[in-house]
Amino acid sequence: MVSFNILIAVALTYVAALFTVAFIAERRASAGHVGWLQSPIIYTLSLSIYCTAWTFYGAVGYAARSGLEFVTIYLGPTLVMIGWWWGLRKLVRIGRSQRITSIADLISSRFGKSTVLGVIVTVIAVVAATPYIALQLQSVTLSFAVFGQAGGQDWQDKDLNAAAIWVAVGLAVFTVLFGTRNLDANERHHGIVMAIAVEAVVKLLALLAVGVFVVWGVAGGPAAMLVRIDASDITLWQQSGGRWVSLIFLSAAAFLCLPRMFQVLVVENADERHLNVASWAFPLYLFLMSLFVVPIAVVGLDLLPPGSNPDLFVLTVPLSQGREGLAMLSFLGGFSSATSMVIVATIALATMVSNHIVVPLWLHLQADKGAVMSGDVRHVILLARRLSIAGVLALGFVYYRLSGGGTALAAIGLVSFTGAVQILPAMLGGIFWRGATRIGAALGLLTGLVVWLWTLFLPSFGLDAVISQTAMDAGPFGLHWLRPEALFGIIGMDPLVHGVMWSMLLNSGMFILGSLLSFPTPVERLQGAQFVNVFEHSTAARAWTTTSAGAEDLLIMAQRIIGSAEAQAIFQAEAVRQGKSGYLPEVTPEFVARLERQLAGSVGAATAHAMVGQLIGGSGVSVEDLIAVADEAAQILEYSSQLEAKSAEQARTASALRDANEKLTALSIQKDAFLSQISHELRTPMTSIRSFSEILRDADMSPQEQERYAGIIHDEAIRLTRLLDDLLDLAVLENGQVTLHRQTGNLAGLLDRALDAAGLHDGALEIVRQPAAEAVMLTSDLDRLAQVFINLIANARKYCDADRPKLKISVRAKGDAYHIDFVDNGSGIFPENQQLIFEKFSRVADQSKAGGAGLGLAICREIMHRLGGDISYLPGQYGAAFRVVVPKIWPGPGGR
Amino acid sequence: MGNRVLLIEDEPNIIEAISFILSRDGLTVHTHEDGQTAMAKVLALPPDLIILDVMLPGRSGFDILRDLRVNDVTKAIPVMMLTARGQAKDRELALRLGASHFMTKPFSNAEVRDNVRNLMGA
């Protein structure tokens, strides 16, 4: 017989081995050698914490008592993994992109970083998980007792309690050591996950070993086993379909909602592709775990005396056959199941308790004391985490003691499930329904919590323990319809199905109703969009690598959120730190991260990230989402935005007036300048004409000289005429008295004609054209159009000041018009003159080389308007750039 | 008294006309077309008379006149402004800046010749 001391030694050795595994894994991870620590197999194995001691021992007991119903507990998660992997993927993606640390954080983040929701979910999770933890303590303690009694010792209650305390303390130490070694932003625990994976293998091997022993060692092979199974009444269909469906739903939902499952599924997930493997590997694991449940139950019922606890068959069957080694392995399997569940559940709960209750409370108290917030909040958080772990385990132990460690615990598993499942509506609604609101989620969660407490949890303590027999039978205060197991007068239902149905129905109903009737805040809208449309928004990396945002943009945003003075102080401090003069620092990734943390204090981490993201351009929300949020904000701040609109309008009007005034002033100056100019332009040729005619009149000279001077007089007379023609042309165009002729022609031909007429024979101006794009037909007044082109080409020739002047003519069809751009490689036109050049009488002063009087572009603009098109200056082209927009088909003078 | 005249003017035909008129009167005419470098041209070889246009490329004739009048080498050289800008305020400005004479275009050849003779003889 194995002595109890040896058992203790084996258990301790096993724990030490796990310790070593966890330690090595942690070391490798911190050294950056993550490698196989993050393999999909490890991920799948870590999911096996779903199979707790309740499953390991309890499934056999369940089968012995209720037949095949235990299968539902495995079917639920199997259905989720196979049929709903896409939903899981979304959950995992949200978890990663939003740095979700727990299921409470998920709900709180989704609904606008709501503190209240975080607390509600934490309370539900703790209340629902505590009995479950007690259950694990019980199973470990009982398995110790089995060995103790088999060794001839007489185990009393006090021995059990002592064992339970030792187990609880041991688990607390282990969890504190590996669950709170450091604070990881993502709450990943490589050591723990590795240890759990090892435990998953141990418990599967243990159960398979016992099963193989039972089938081949006891029953004498599969065939004989089947005969025995047929003979037993386990396989009889004993349950209603309603309970069957309820249980599958319950286990499926619990798989998603249990804090420990969320921890391994989402928080510890290193790569969402691991889900691909897990979606078949985990159901396989569950299948193997359930394979021998029925044989063990059947053989146990046959072999052991009536009245033996079927929950311990996995241990007692090998022991009764003298297989102590096998029993020891089985013990380790059960021990693994219990410890892994407790460790992960405790970490998950402790994270929630410390993040959503302890730390906010501490910060609140600190703020009240007026203490300056020190930068080192880490040790406070770690301490809170450790105390929470101890607290959760203490709660489990207290529950274990209060419930007397009796049979009441056995039924608590499903009740516990139902409690955790209350989170489901808010979670699913949160990730699939943008209309879900904080109010709705809070109403649903609270309703579900109350209904669950009343119909399942409180009655589970036993009659008269919390709820009196009278209240159970006749309802509280004589309110018949409030009977815990017959709400609203529905009687005759299975209490569990009844509790699940009502809690989920009322929970979902209140959630939907509350969401429909309330209005989400902008932050909620933003978060809702981020969650529901996570695949459009998320990126793998959360660090800011690009720094495209201007410091100024960031400052403007920061000022809006935390106020001008504080924002400027932060930016200035950073600028000083970087050794830059001025108040705008370089936008380094570190600074952005620091700023984001600062902003997170005001608007929440996810929102801060989204807002910064919008500016940085790394990730974040789509334009539509921002518009939606802006709409919302506009509605809420209607009054304020109306005021803003008014003042903006006033500003616009003032600005327009100022512009008009400036333009008028400029025009008036231009007009004066024009008079001067026109005087100059008229007087210059007249001067030559007068002077040379006097020379011809007064002096004797050679015929050659005479001819030359007469030629000058002739040229200058023509120059005068052309000037007068221009003035007349413009006057006619402006008055609309011009006659236009509608013709159809080829654009390339028209450009050829214009280039010829512009007189580029000296080759001083190189022309670059696009023959393919020019090969189009257009209908317009081609002569007038050519006049515009000639003017632009001549201008380029006159004004382009490049060493090797070049004019690029490009044509592009856009809509029902052609855009014809004339871009030269000179120094262009100063921005302040770009508007003035089209005004008549204007001539840009510093270009006095011009031959005309500044009427050319004014005429061009007039022509293009008459032809239903336009001409404009294109700024920023590294040269003078004009765009002529001409309709492909001009309907003619009357057709406008 | 020397006989060198510097004509600062950018219109080729007018340069030719004035050069013809003054050469025929026995003067040596140098010409310069750019406002920016006009001052350097004057300093390189100070003439006995300057005929100065107002609207010049690079630098206005008024600005050149201002420079001429503050430089010890050039402040005594007579300057005749000759411009197509014939407004009264231009005349006033020119005389205030120290122009010796102000003429508007178009001009009569005899008038140019007589004014130049007067200024050169002074």
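Residues numbered from 1 in each chain as written. Chains lettered and ligands numbered in written order. Predicted model: local features only at pLDDT ≥ 70, side-chain atom pairs only at ≥ 80, totals over all residues.

Describing the overall build of chain A
And then number 1: Counting its secondary structure elements, chain A contains 36 helices and 7 strands.
And then number 2: Counting the 896 residues in chain A, one finds 45% classified as buried.
And then number 3: Look at the contacts in chain A between residues 6 or more apart in sequence, and 79% of them connect residues 24 or more apart. (Helix = DSSP H or I, 4+ residues; strand = E, 2+ residues; numbered from the N terminus. Buried ≥ 20, exposed ≤ 12 C-beta atoms within 10 Å, placed from the backbone. Contact = placed C-beta atoms within 7 Å.)

Details of the sheet that holds strand β5 (residues 101-104) of chain B
Residue and element names in this part refer to chain B.
And then number 1: Pairing is parallel across the open sheet formed by 5 strands, whose spatial order is β2-β1-β3-β4-β5. In this open sheet, the two edge strands, each paired with only one partner strand, are β2 (28-32) and β5. Direction aside, the axes of adjacent strands within the sheet are offset by 20° on average.
And then number 2: With 5 bridges connecting them, strand β1 (residues 4-8) and β2 associate as parallel partners. Residue pairing in the sheet places R4 in a bridge with T28 of β2.
And then number 3: Running over the sheet, helix α5 (residues 109-121) touches β1, β3 (49-52), β4 (79-83) and β5 and is turned about 170° from β5. (Pairing = 2+ DSSP bridges. Axes fitted to C-alpha atoms, helices over the stretch in contact; angles between N-to-C directions.)

Digging into the nonpolar core
All names here are of chain A.
And then number 1: One finds I107, A125, C257, I296 and I423 to be the most contacted residues of the largest nonpolar core, which totals 180 residues.
And then number 2: Looking at which element gives the most residues to this core, the answer is helix α17 (residues 324-369), with 20 residues.
And then number 3: In this structure, this core is formed jointly by two domains, domain 1 (4-362 + 372-406) and domain 2 (530-640), each of which donates at least three residues.
And then number 4: The contacts of A125, once residues within four sequence positions are left out, are I103, A104, P259, L349, M352 and A420.
And then number 5: Membership of the second largest hydrophobic core comes to 42 residues, among which are L765, I809, L867 and F882. (Core = buried A, V, L, I, M, F, W, Y, C linked by C-beta atoms within 7 Å. Domains from an automatic or database assignment.)

Overview of the packing of helix α5 (residues 71-83) of chain A against helix α14 (residues 274-291) of chain A
Residue and element names in this part refer to chain A.
And then number 1: Two elements in contact, α5 and α14, have axes whose closest approach is 8 Å; the angle formed by their N-to-C orientations is 170°. In terms of their interaxial angle, α5 and α14 are classed as roughly antiparallel. Within the contact between the two elements, α5 uses V71, Y74, P77, T78, M81 and I82 and α14 uses A278, S279, F282, P283, L286 and S290.
And then number 2: Taken together, the residues of the contact of α5 with α14 break down into 9 nonpolar, 3 polar and no charged. (Parallel < 35°, antiparallel > 145°, perpendicular 65-115°, else oblique. Nonpolar A, V, L, I, M, F, W, Y, C, P; charged D, E, K, R; others polar.)

Observations regarding the interface of chain B and chain A
And then number 1: Between chain B and chain A, the contact holds 15 residues from the first and 17 residues from the second.
And then number 2: Of the residues in the side of chain B that touches chain A, the class split is 8 nonpolar, 4 polar and 3 charged.

A word on the environment of S679(A)
And then number 1: Along the chain, the position of S679(A) falls in helix α31 (residues 638-698).
And then number 2: With 17 C-beta atoms counted inside 10 Å, the residue S679(A) sits in the partly exposed group.
And then number 3: Sequence-distant contacts of S679(A), that is, excluding residues within four places in its chain, are made with A84(B), R85(B) and G86(B).

Topic: the sheet that holds strand β2 (residues 766-768) of chain A
Residues and elements named next belong to chain A.
And then number 1: The mixed open sheet is built from 5 strands, whose spatial order is β2-β4-β5-β7-β6. The sheet is open, and its two borders are formed by β2 and β6 (870-873), each paired with just one other strand. On average, each strand axis in the sheet is tilted by 15° relative to the strand beside it, whichever way the strands run.
And then number 2: The pairing of strand β5 (residues 817-824) with strand β7 (residues 881-887) spans 7 bridges and is antiparallel. Within β7, the residue paired with V823 across the bridge is A881.

Observations regarding unusual backbone geometry
And then number 1: Looking along the chain, the bond that leaves K105(B) and enters P106(B) is cis, with omega of -5°.
And then number 2: Within the fold, P106(B) resides in the loop between β5 and α5.

Side note on helix α27 (residues 564-577) of chain A
Residue and element names in this part refer to chain A.
And then number 1: If you check α27, its first and last C-alpha atoms are 20 Å apart, about what 14 residues at 1.5 Å a residue would give, namely 20 Å.
And then number 2: Those residues of α27 that fall on the buried side of the exposure criterion are A567, F571 and E574. End-on view of α27: buried residues confined to an arc of 60°, all on one side of the axis. With respect to the buried face of α27, the exposed residues turned more than 90 degrees away are A565, A573, V576 and R577. (Expected span 1.5 Å × (residues − 1). Arc of directions from axis to C-beta.)

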